[in-house]
Amino acid sequence: MSEEVLTITDVGKNFGAVTALRDVNLKVHAGEIVALLGDNGAGKSTLMNIICGSHAADVGTVKVKGQELWSLADAKRLGVGVVYQDLALAPDLTVADNLFLGNEEVRRVGPFRMLDRRAMRKDARAAIENLGISTLRDVRLPVARLSGGQRQVLAVARAMKWAENVILLDEPTAALGPKQVGIVLDSIKRAADHGMGVVLVSHDIPSVLKLADRIVVLRHGTIAADRPPAGLTVSEVVTVMVGED
Ligand SMILES: Nc1ncnc2c1ncn2[C@@H]1O[C@H](COP(=O)(O)OP(=O)(O)OP(=O)(O)O)[C@@H](O)[C@H]1O
Ligand SMILES: [Mg+2]
């Protein structure tokens with residue numbers, strides 16, 4: 001088995017009286033794609049937000065390659081890339097600027113530090129070409145002028161560009177047409193082939209049964225199943241998601 005890149009131990013999180021997560025334990029290895037499934041409100045986004053450092057767990061720990069992660073700064077330092085369910089793009093900035101948000105390239109001009117826009121645009125074009133996204137060719141377009149699907153592809157491209165150890169995707173294909181779904185699933189596969197641990201939240205059960213190495217089902221904030229997809233049917237997954245009764 002390859003190296004463990006993500007270790008979630010006894011994680012719990014409450015929002016007031018709501019228990020969003022309880023006793024969550026999960027390990028993800030380099031090169032592994034883990035699909036995180038569950039009904040609406042099961043706790044998937046809460047868990048993703050804790051793994052990427054945007055929420056802190058009430059109890060338990062998240063570790064990347066053995067180092068604890070408690071904040072967005074930790075996540076960045078530890079090479080965790082994320083596609084949020086609401087994408088978190090800046091609509092008034094261009095495609096290129098969004099790709100570099102929080103990771104801007106600077107050059108020194110005498111005593112000044114300037115954003116190196118030309119280098120960023122060049123890099124942005126290369127990142128987008130790598131993903132085979134011809135639909136985003138003009139990296140100077142403001143994101144406000146992209147379609148929903150194009151924004152989704154951009155958010156995935158950004159996460160892929162900065163992740164080194166772990167990549168988290170919260171419903172990355174929800175708004176996409178079939179061609180874009182193919183591009184995103186291919187790039188997820190490629191990220192795993194490059195040794196990243198991938199956690200993918202999706203409601204597209206047939207696709208993840210084909211793509212994922214492990215299926216993890218959250219039900220009411222706890223893990224109800226954690227197993228390889230071999231032999232598993234869509235209706236069995238749904239039964240685990242909603243409970244027997
Ligand atoms: N910021 C918050 N404040 C209060 N309650 C919250 C907050 N975020 C999530 N919750 C609650 O925690 C539970 C889990 O929510 P979460 O968003 O993690 O579900 P999910 O599995 O991602 O659902 P979906 O499939 O609809 O995206 C829900 O009961 C939700 O109402
Ligand atoms: Mg969610």
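Relevant structure appears above.
In this report, the structure presented in the accompanying data block is examined. On a predicted model such as this, the values are computed, not experimentally measured, just so you know.

A sheet is described by the order of its strands in space; here four strands give the open sequence 2-1-4-5, paired in antiparallel fashion. Of all the strands in the sheet, the pair left with one neighbour each is strand 2 (18-29) and strand 5 (67-68). Where strand 4 (residues 59-64) and strand 5 come together, two bridges link them in antiparallel fashion. Across the sheet, Val64 pairs through a bridge with Gln67, a residue of strand 5.

Attention now goes to the pairing of strand 2. Within a regular strand, the side chains alternate between the two sheet faces. Bridge count between strand 1 (residues 4-15) and strand 2: eight bridges; the pairing is antiparallel. Residue pairing for strand 2: Phe15 is matched across the bridge by Val18. A loop of two residues connects strand 1 with strand 2, the two strands running antiparallel in sequence, and Gly16 in this loop sits at a positive phi of about 55°.

Below, the discussion takes up the nonpolar core. Among the nonpolar cores identified, the biggest contains 73 residues, and Leu168 and Leu200 are the most heavily contacted of them. Residue contributions to this core peak at seven residues, all from helix 5 (residues 148-162). Here Leu168 is in contact with Met48, Ile51, Cys52, Val80, Val82, Val83 and Val199, once residues within four sequence places are set aside.

Take the packing of helix 5 against helix 6 (residues 178-193) next. One can describe the packing of helix 5 onto helix 6 by two numbers: an axis separation of 11 Å at closest approach and a directional angle of 10°. Between helix 5 and helix 6, the angle is such that the two are roughly parallel. On the side of helix 5, the interface is formed by Gly149, Val153, Val156 and Met160, while helix 6 contributes Gln180, Ile183, Val184, Ser187 and Ala191. Considering only residue class, the contact of helix 5 with helix 6 consists of six nonpolar, three polar and no charged.

Under the 1.5 Å per step criterion, the end-to-end length of helix 6 is 22 Å for 16 residues, consistent within 8% with the ideal 22 Å. The inward-facing, buried residues of helix 6 abut strand 3 (33-37), helix 5, strand 9 (166-170), strand 10 (197-201) and helix 7 (205-211). Trailing helix 6 by a residue or two, Gly195 shows a phi angle of about 95°, which is positive.

What counts and how
- Residues numbered from 1 in each chain as written.
- Chains lettered and ligands numbered in written order.
- Predicted model: local features only at pLDDT ≥ 70, side-chain atom pairs only at ≥ 80, totals over all residues.
- Pairing = 2+ DSSP bridges.
- Helix = DSSP H or I, 4+ residues; strand = E, 2+ residues; numbered from the N terminus.
- Core = buried A, V, L, I, M, F, W, Y, C linked by C-beta atoms within 7 Å.
- Buried ≥ 20, exposed ≤ 12 C-beta atoms within 10 Å, placed from the backbone.
- Contact = placed C-beta atoms within 7 Å.
- Axes fitted to C-alpha atoms, helices over the stretch in contact; angles between N-to-C directions.
- Parallel < 35°, antiparallel > 145°, perpendicular 65-115°, else oblique.
- Nonpolar A, V, L, I, M, F, W, Y, C, P; charged D, E, K, R; others polar.
- Expected span 1.5 Å × (residues − 1).

Remember that the coordinates give geometry; whether it matters functionally is a separate question.
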